[in-house]
Amino acid sequence: MAIAAENQAPQEKASSEVSATETRRWTLNDFDIGKPLGRGKFGHVYLAREKRSNHIVALKVLFKSQLQQSQVEHQLRREVEIQSHLRHPNILRLYGYFYDQKRVYLILEYAAKGELYKELQKCKYFSERRAATYVVSLARALIYCHGKHVIHRDIKPENLLIGAQGELKIADFGWSVHTFNRRRTMCGTLDYLPPEMVESVEHDASVDIWSLGVLCYEFLYGVPPFEAKEHSDTYRRIVQVDLKFPPKPIVSAQAKDLISQMLVKDSAERLPLHKLLEHPWIVQNAEPSGVYRI
Ligand code: AMP
């Protein structure tokens, strides 16, 4: 795969921005490779240290052959293009990339506390304080993305990582899209998709409000709201907005109110993200710092 643009250097320190003029070509020799952090569909992720700056990063190694076989080169290119231009505390930084004959390497911000998905499995469900703090972080990141005409379209626990301080990071932009128009593509995992996407009608940035509503429910109940054994039942439940709140775990009426305002079939009627930030449940429960320490 030929990606022709130049790469940006990892930050010297996590907090300082790299000068926009500092661009260079990377090779594997620029990094000390450490322990494996995980395995994805197309390759492995390793802890790594950039030798010159000592900056710790996560190096994602993808095999070109597998990317080609699955015909996702175009998707990866789009992901790299979009993620490398985003700068937000709740969005995982993509510092740069390079490639050799067989592999593509992505230089990513290291999320020291790993996958949110695993945390949720461990806890079964989150406290309202924790859930509200994560929802605020995501809403802020999505407001930032939408302001840049980027819709994520695939917000789910598997795509979220946790940084060293406990801050949430959106990590995967594989299905995101840079858009000025309404779109019709069907993408993402069924459980988190809004009615307009499962029905393949036009959609816009408000798809991310729906997915955030699904996620908020899952944080509080431990399962997504439209889960069903059969794909076709999930589909039907989404289209009908068959939203039920089980008696256990006990969840406050305000949290249910917020979820009900996000999971609305008519995308224009969903609670706008800036209004979500002012919702009483958010105001009363979210950590003002936006960080939930674990
Ligand atoms: P992926 O190929 O993106 O699905 O990544 C595979 C696994 O590697 C993830 O499930 C995480 O456990 C881990 N991982 C990926 N990226 C990072 C990162 N930036 N920081 C820490 N762990 C990561």
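In this text, all values refer to a predicted model and were calculated from it rather than measured experimentally. (Residues numbered from 1 in each chain as written. Predicted model: local features only at pLDDT ≥ 70, side-chain atom pairs only at ≥ 80, totals over all residues. Heavy atoms only, no water.)

**A short note on the overall build of the protein chain**
- When helices and strands are counted, the protein chain shows 10 helices and 12 strands.
- Buried positions account for 51% of the 294 residues belonging to the protein chain.
- Residue pairs in contact within the protein chain that sit at least 24 positions apart in sequence constitute 63% of those at least 6 positions apart.
- A total accessible area of about 14200 Å² is found for the protein chain, and carbon and sulfur atoms account for 51% of it. (Helix = DSSP H or I, 4+ residues; strand = E, 2+ residues; numbered from the N terminus. Buried < 20%, exposed > 50% of the residue type's maximum accessible area, 1.4 Å probe, protein only. Contact = heavy atoms within 4.5 Å. Areas by Shrake-Rupley, 256 points an atom, 1.4 Å probe, with all protein chains shown as cover.)

**Thoughts on the site of the ligand**
- Taken together, 13 residues are adjacent to the ligand, and Gly40, Lys60, Glu109, Ala111 and Glu115 come closest.
- Between a nitrogen atom of the ligand and a main-chain N or O atom of Glu109, the distance comes to 2.8 Å.
- Ala111 is positioned such that a nitrogen or oxygen atom in its backbone is 3.0 Å from a nitrogen atom of the ligand.
- According to the grid-proximity analysis, the pocket containing the ligand is the largest pocket.
- Broken down by secondary-structure element, the contributors of at least two residues to the shell around the ligand are β3 (31-39) and β5 (56-63).
- Tallying contributions element by element places β3 first for the shell around the ligand, with three residues.
- Along the lines of polarity and charge, the residues of the shell around the ligand split into seven nonpolar, two polar and four charged. (Near = heavy atom within 4 Å. Polar contact = N/O pair within 3.5 Å; in protein donor to acceptor, adjacent residues only side chain to side chain. 1 Å grid on protein atoms, 1.4 Å probe; cavity = no way out; pocket = protein on both sides within 12 Å on 5 of 7 lines; lining within 4 Å. Sits in = over half its atoms within 2 Å of the grid points. Nonpolar A, V, L, I, M, F, W, Y, C, P; charged D, E, K, R; others polar.)

**Side note on the packing of helix α6 (residues 207-221) against helix α8 (residues 253-262)**
- Two numbers describe how α6 lies on α8: the axes approach to 8 Å, and their chain directions differ by 150°. On the basis of the axis angle, α6 is roughly antiparallel to α8. Note that α6 runs across α8; the crossing there is left-handed. Residue-level contacts link Ile209, Trp210, Leu212, Gly213, Cys216, Tyr217, Leu220 and Tyr221 of α6 to Ala255, Lys256, Ile259 and Met262 of α8.
- For the contact of α6 with α8, the residue count by class is 10 nonpolar, one polar and one charged. (Axes fitted to C-alpha atoms, helices over the stretch in contact; angles between N-to-C directions. Parallel < 35°, antiparallel > 145°, perpendicular 65-115°, else oblique. Left-handed = near helix turned anticlockwise from the far one by under 90°.)

**Some details on the environment of Asp154**
- You can see Asp154 is positioned in the loop between β9 (150-151) and β10 (160-162).
- Each C-alpha atom of the pair Asp154 and Asp208 lies 7.8 Å from the other, and the pair is 54 residues apart in sequence.

**Side note on the layout of surface pockets**
- Estimates place the volume of the largest pocket at around 1300 Å³.
- Looking at the lining of the largest pocket, the elements with two or more residues in it are β3, β4 (43-50), β5, α2 (73-83), β7 (103-109), β8 (114-115) and α3 (116-123).
- Within the lining of the largest pocket, the residues separate by chemical class into 18 nonpolar, 10 polar and 13 charged.
- The two domains that each donate at least three residues to the lining of the largest pocket are domain 1 (10-109) and domain 2 (116-285). (Points joined across faces, edges and corners; volume = space filled by probe spheres on them. Domains from an automatic or database assignment.)

**Topic: the nonpolar core**
- Judged by nonpolar contacts, the single largest core of 57 residues is most densely connected at Leu212, Phe219, Leu220, Leu276, Trp281 and Ile282.
- The leading source of residues in this core is α6, at 11 residues.
- Of the domains in this structure, domain 1 (10-109) and domain 2 (116-285) are the two that each give at least three residues to this core.
- Look past the residues within four positions of Leu276 in its chain and what remains in contact with it is Val135, Ala139, Leu212, Leu258, Met262, Leu271 and Ile282.
- If you look at the next biggest cluster of nonpolar residues, it comprises 16 residues, including Val80, Leu92, Tyr97 and Ala171. (Core = buried A, V, L, I, M, F, W, Y, C linked by side-chain atoms within 4.5 Å.)

**Regarding the sheet that holds β7**
- Taken in spatial order, the five strands line up as β3-β4-β5-β7-β6 in an open sheet, and their pairing is antiparallel. Since the sheet does not close on itself, it has two edges, and those belong to β3 and β6 (94-99), each with one partner. The mean inter-strand angle of the sheet, taken between neighbouring strand axes irrespective of direction, is 25°.
- The pairing of β5 with β7 spans seven bridges and is classified as antiparallel. Pairing of Ala58 across the sheet is with Leu108, part of β7.
- Strands β5, β6 and β7 of the sheet are contacted by α2, whose axis makes an angle of about 30° with β7. (Pairing = 2+ DSSP bridges.)

**A short note on the sheet that holds β8**
- With antiparallel pairing, three strands are arranged side by side in an open sheet as β8-β10-β11. One side of each edge strand has no neighbouring strand; the edge strands of this open sheet are β8 and β11 (168-170).
- Inspection of the sheet shows β8 paired to β10 by two bridges, in the antiparallel sense. For Glu115, the partnering residue across the bridge sits in β10 and is Leu161.

**Points about the packing of helix α4 (residues 128-147) against α6**
- Where α4 contacts α6, the axes come no closer than 10 Å and their chain directions differ by 165°. It follows from the interaxial angle that α4 and α6 lie roughly antiparallel. At the point where α4 passes α6, the crossing takes the right-handed sense. For the pair formed by α4 and α6, the contact residues are Glu128, Ala131, Tyr134, Val135, Leu138, Ala139, Leu142 and His146 on the first element and Asp208, Leu212, Leu215, Cys216, Phe219 and Leu220 on the second.
- Tallied by class, residues from the contact of α4 with α6 come to 11 nonpolar, one polar and two charged.

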